[in-house]
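If you want the building blocks of each chain, they are given just below.
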Amino acid sequence: MLTEKQKSFANGLEAELIQIRRHLHQHPEIGMELPKTVAFVKEKLTEYGYEPKACGESGITVLAGKKSGKTFLLRGDMDALPIRELTDLPFKSENGYMHACGHDMHTTMLLGAAKILKEFEDDLTGQVKLLFQPGEEILSGSKDCIEHQVLENPKVDAGMMIHVFPFKGFKAGQIIPTPEGTFMASADWFEINIKGRGGHGSQPETSIDPINVAVHIYTALQELSAREIGSEERFVLTIGEFTGGTPGASNIIPETTVMKGTLRTLKEDVRTQVKERMIVMAENIAKAFRAEAEVIFTNGCTTNVNDPDLTAFAKKSLIDTFGTERIVAIPTSTPLMGSEDFGEISQLIPTTTVLLVASEENINLHNPAIVFDESVLIEGAKVYADTAISWLKKD
């Protein structure tokens, strides 16, 4: 639970955090290479009295706390999306990218928490490691940071993440501790490459039409949920990109066709089974039509799992700090089928995820017109700091 002195200090950061967030929002970068974002975050952390360290390709870590003992991880993601912004904000992005998932908010909140933790560093009964992570949107950042020892030196004992969310019917600033257990699905990005034999549209018998093959594979994949996986299991298989042929050349049967999509599951055995069947079905359907098919899983992450004890503890601490009326239940009784690469960390240490209502509009994340409420920035900073400080004090 944050003290009144800690809350008062945090509340005094509001104007600074809004300025930081607007800078980040106006200069978004995508993927694993975030040179301007990294330079800006490092500059702020140095200003606050930290010694930022590189973690992998573009990750940044700092440590708060002078006393050894337990270590708690706070993670905020920094990357944006390849979306052209359609808001009317005076600080809107103009470079063809956009923070449409709120990662500019997360980075700002974590910077706010960094400043709070540094101010009250003498009070910490252990250490807090802050991770500013790239590449969440491409499901690569957590893996890269784990490979570069983010959970070591010092060894991390537990951790948390925040995600801002739009929830119509909820008020901005309300806090949603998420349920224990599997909370978000795993994700696998895939592409299916079909190779046929090109030719003239008037003589399909002399060709092997890869578009025809792709359509049969597409239809067959939709049968996995109906005929091969039990109805009690939830998974989503979506083809979101289908490319074949040449624009303006409708009388040509192409040589190749490509489908790309995502698979999301809640159980690892279902994930494995569906991936295996996707490969078998694609290859054999293609063979039946004298074509070839290759299924490539290009990227992925595991489910995001909330540790029961840490999740219960975080919820109680947040109620103590913010009051019962500010803490609300997530408006769904089932896990989210969206994915979060923080799941990779959740498989290695106890973690929990907290959602923060940051928009009252009926607009989803990743929408080019979404606008987040900046009044929640300071609330997110306090949520980060409260969970870490309180967890270090327990036991």
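- In the nomenclature of an unreviewed UniProt entry, the protein chain corresponds to Amidohydrolase from the organism Enterococcus caccae ATCC BAA-1240.

## Some details on the overall build of the protein chain
Then, number 1: The helix and strand inventory of the protein chain stands at eleven helices and 15 strands.
Then, number 2: Relative to the compact-globule value of 21 Å for 395 residues, the protein chain shows a C-alpha radius of gyration of 23 Å, a close match.
Then, number 3: Sorting the 395 residues of the protein chain into buried and exposed places 54% on the buried side.
Then, number 4: About 17000 Å² of surface is accessible on the protein chain, with carbon and sulfur atoms providing 50% of the total.

## Notes on the domain arrangement of the protein chain
One widely used convention gives an interface's size as the accessible area the parts lose upon coming together.
Then, number 1: Per the domain assignment, the segments making up the protein chain are domain 1 (4-183 + 305-393) and domain 2 (186-301).
Then, number 2: Listed per partner, the contact involves 15 residues of domain 1 and twelve residues of domain 2.
Then, number 3: Here domain 1 packs against domain 2, burying approximately 1000 Å² in sum over the two surfaces, 60% of which is carbon and sulfur.
Then, number 4: Contact with domain 2 buries area across many residues of domain 1, yet L139, M337 and S339 alone supply 54% of it, more than any other trio.
Then, number 5: Taken together, the connections running from domain 1 to domain 2 amount to zero salt bridges.
Then, number 6: Seen at the junction of domain 1 and domain 2, the total is six residue pairs in polar contact (both at pLDDT 80 or more).
Then, number 7: Here the side of domain 1 that touches domain 2 is built from residues that sort into five nonpolar, five polar and five charged.

## A closer look at the UniProt feature "domain: Peptidase M20 dimerisation" (unreviewed entry) in the protein chain
Then, number 1: According to UniProt, the feature "domain: Peptidase M20 dimerisation" (unreviewed entry) maps to residues 188-287 in the numbering used here.
Then, number 2: Annotation note: span residues 188-287, helix share 38%, strand share 32%, distance between end C-alpha atoms 25 Å.

## A look at the sheet that holds strand β3 (residues 71-77)
Then, number 1: Read from one edge of the open sheet, seven strands run β1-β2-β4-β3-β5-β15-β6, paired in mixed fashion. The open sheet is flanked by β1 (53-55) and β6 (175-177), the only strands paired with a single partner. Each neighbouring strand pair of the sheet contributes to a mean axis angle of 25°, computed without reference to strand direction.
Then, number 2: Pairing between β1 and strand β2 (residues 59-64): three bridges, direction antiparallel. Opposite A54, over in β2, you have I60 as the bridge partner.
Then, number 3: Helix-sheet contacts for helix α3 (residues 35-47) involve β2 and β4 (127-133), and the interaxial angle to β2 is about 10°.

## Some points on the side chain of E16
Then, number 1: Residue placement: E16 occurs in helix α2 (residues 14-26).
Then, number 2: For E16, a relative accessible area of 18% corresponds to the buried category.
Then, number 3: Side-chain polar atoms of E16 contact the side chain of Y48, separated by 2.7 Å.
Then, number 4: If sequence neighbours within four positions are ignored, E16 has contacts with E47, Y48 and K115.

## Observations regarding the UniProt feature "binding site: Mn(2+)" (unreviewed entry) in the protein chain
Then, number 1: According to UniProt, the positions carrying the feature "binding site: Mn(2+)" (unreviewed entry) are C101, H103, E137, H163 and H366. On the basis of their most widely separated C-alpha atoms, the annotated residues across 266 residues gather in one place, lying no more than 13.1 Å apart.
Then, number 2: If we skip the residues at most four places from it in the chain, C101 touches L81, H106, E137, H163, V164, L365, H366 and F372.
Then, number 3: Within the element layout of this structure, E137 appears in the loop between β4 and α5 (141-147).
Then, number 4: If we skip the residues at most four places from it in the chain, E137 touches D79, A80, L81, C101, H103, W189 and H366.
Then, number 5: At 3.4 Å, the side chain of E137 and the side chain of H103 are in polar contact.

## Overview of the sheet that holds strand β8 (residues 186-195)
Then, number 1: Ordered in space as β10-β12-β8-β13, the four strands form an open sheet in which the pairing is antiparallel. On the outer flanks of this sheet lie β10 (235-244) and β13 (292-301), each paired with one strand and no other. Ignoring which end each strand starts from, the neighbouring axes of this sheet average 20° apart.
Then, number 2: Direction of pairing for β8 relative to β13: antiparallel, over a ladder of nine bridges. Directly across from A187, in β13, lies its bridge partner C301.
Then, number 3: Together, β8, β10, β12 (256-265) and β13 form the strand contacts of helix α8 (residues 268-288), whose direction differs from that of β13 by roughly 160°.

## Section: the side chain of E191
Then, number 1: Mapped onto the secondary structure, E191 falls in strand β8.
Then, number 2: Lacking a salt bridge, the buried E191 has K260 as its closest oppositely charged neighbour, with an N-O distance of 4.2 Å.
Then, number 3: At 3.2 Å, the side chain of E191 and the side chain of N193 are in polar contact.
Then, number 4: In contact with E191, other than residues within four places in its own chain, are M259, K260, E294, V295, I296 and T298.

Parameters and conventions
Residues numbered from 1 in each chain as written. Predicted model: local features only at pLDDT ≥ 70, side-chain atom pairs only at ≥ 80, totals over all residues. Heavy atoms only, no water. Helix = DSSP H or I, 4+ residues; strand = E, 2+ residues; numbered from the N terminus. Rg over C-alpha atoms; globule rule 2.2 N^0.38 Å. Buried < 20%, exposed > 50% of the residue type's maximum accessible area, 1.4 Å probe, protein only. Areas by Shrake-Rupley, 256 points an atom, 1.4 Å probe, with all protein chains shown as cover. Domains from an automatic or database assignment. Contact = heavy atoms within 4.5 Å. Buried area = accessible area lost by both parts, 1.4 Å probe. Salt bridge = Lys/Arg side-chain N within 4 Å of Asp/Glu carboxyl O. Polar contact = N/O pair within 3.5 Å; in protein donor to acceptor, adjacent residues only side chain to side chain. Nonpolar A, V, L, I, M, F, W, Y, C, P; charged D, E, K, R; others polar. UniProt positions renumbered as here; feature names shortened; annotations may be inferred. Pairing = 2+ DSSP bridges. Axes fitted to C-alpha atoms, helices over the stretch in contact; angles between N-to-C directions. Lys, Arg positive; Asp, Glu negative; His and termini not counted.

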